[in-house]
Amino acid sequence: MYRDNSLIPREAIRLLALGILAEHSTSYAALAEQVRHFTGRIVGPSLDLVAQPLELLKVEGLVESAGSGQDDLLALTEAGREELHRLLGANVRPQINDLNKLIIAIKVRFLHLLPPEERQVQTDILTEIFERELARLSDLRAQDAAYSKHLSDWLDLEIKLTRERLAWFEALGNAQR
């Protein structure tokens, strides 16, 4: 993890894999495919994100299998459940970039695996991320958009999308209260 308790890319992939295994056992090949599919649709294809973190799950005792073949089903161990819980509770960095979009998507994907009070904490953290993002973009719009119509238009679009995301997370948080 980074010093601010936010996930590094390898941990984001670990969180995704452990979350998938928390929902159902699957083979290593199927797990790798599901992880590749999800990450590829959020940040684009990247073998660097997938291979190494998945190999370590077994070595670190976070998953176990019934045999030694590629088609054996992997299942989460108790240590894997604890690591999943720890990773789901990690911070998200304030700036929205491709890695943060991936981490947010993974957190939303597995939010249901947390107890209600922790789900609320994570929803509040994500709401705060978009509040800060909206403030940052609005400040930039107020200061620098006058120089360029294209920048102004682009910032308006970004602000609109951020407001919609913020409203979505606020509604999600309110639904859980």
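Now for a look at the structure at hand. (Residues numbered from 1 in each chain as written. Predicted model: local features only at pLDDT ≥ 70, side-chain atom pairs only at ≥ 80, totals over all residues. Heavy atoms only, no water.)

Focus: the side chain of T127
With respect to the helices, strands and loops of the structure, T127 is situated in helix 6 (residues 116-144). A residue is classified by how much of its surface remains accessible, and T127, at 9% relative accessible area, is buried. (Helix = DSSP H or I, 4+ residues; strand = E, 2+ residues; numbered from the N terminus. Buried < 20%, exposed > 50% of the residue type's maximum accessible area, 1.4 Å probe, protein only.)

What to know about the nonpolar core
Nonpolar side chains tend to gather and get buried jointly when the protein is soluble and globular. Counting 42 residues, the largest nonpolar core has L18, L31, V35, L54, L57 and I106 as its most contacted members. Counting residues per element, the ones that place at least two in this core are helix 1 (9-23), helix 2 (28-42), helix 3 (47-59), strand 3 (73-76), helix 4 (78-88), helix 5 (98-110), helix 6 and helix 7 (149-176). Per element, the largest residue contribution to this core is eight residues, and it comes from helix 1. Setting aside its immediate chain neighbours within four residues, L18 contacts L57, L62, V63, L76, G80, E83, L84 and L87. (Core = buried A, V, L, I, M, F, W, Y, C linked by side-chain atoms within 4.5 Å. Contact = heavy atoms within 4.5 Å.)

Points about helix 4
Among all positions of helix 4, only G80, E83, L84, L87 and L88 are buried. For helix 4, the arc enclosing every buried residue in end-on projection is 130°, short of the 170-degree limit, so these residues lie on one face. The exposed residues of helix 4 that point more than 90 degrees off its buried face are E78 and E82. (Arc of directions from axis to C-beta.)

Re helix 6
Between its first and last C-alpha atoms helix 6 spans 42 Å; for 29 residues at 1.5 Å apiece the expected length is 42 Å, and the two agree. Turning to helix 6, its buried residues number three or more, namely Q120, Q122, T123, L126, T127, I129, F130, E133, L134 and L137. Buried residues belonging to helix 6 abut helix 4, helix 5 and helix 7. (Expected span 1.5 Å × (residues − 1).)

Digging into the packing of helix 6 against helix 7
Running from N to C, helix 6 and helix 7 point in directions that differ by 160°, and their axes come no closer than 9 Å. In terms of axis orientation, helix 6 runs roughly antiparallel to helix 7. As helix 6 runs across helix 7, the sense of the crossing is left-handed. Here the contact of helix 6 with helix 7 is built from residues that sort into twelve nonpolar, eight polar and ten charged. (Axes fitted to C-alpha atoms, helices over the stretch in contact; angles between N-to-C directions. Parallel < 35°, antiparallel > 145°, perpendicular 65-115°, else oblique. Left-handed = near helix turned anticlockwise from the far one by under 90°. Nonpolar A, V, L, I, M, F, W, Y, C, P; charged D, E, K, R; others polar.)

Focus on the side chain of T162
By the element assignment, T162 lies in helix 7. With sequence-adjacent residues up to four places away left out, T162 is seen in contact with F130, E133, L134 and L137.

Quick word on the pattern of salt bridges
This model, assessed by the stated rule, comprises ten salt bridges. Note that E60 is salt-bridged to R14, the shortest N-O span being 2.4 Å. Linking E60 in the loop between helix 3 and strand 2 (63-65) with R14 in helix 1, this pair joins segments that are 46 residues apart in sequence. With a closest N to O distance of 2.7 Å, R109 and E23 form a salt bridge. Of this pair, R109 sits in helix 5 while E23 sits in helix 1; the two residues are 86 residues apart in sequence, bridging distant segments of the chain. When its relative accessible area of 30% is taken as the criterion, E23 is described as partly exposed. Among the charged side chains, a network of salt bridges with common partners joins E11, R14, E60, E83 and R86. (Salt bridge = Lys/Arg side-chain N within 4 Å of Asp/Glu carboxyl O.)

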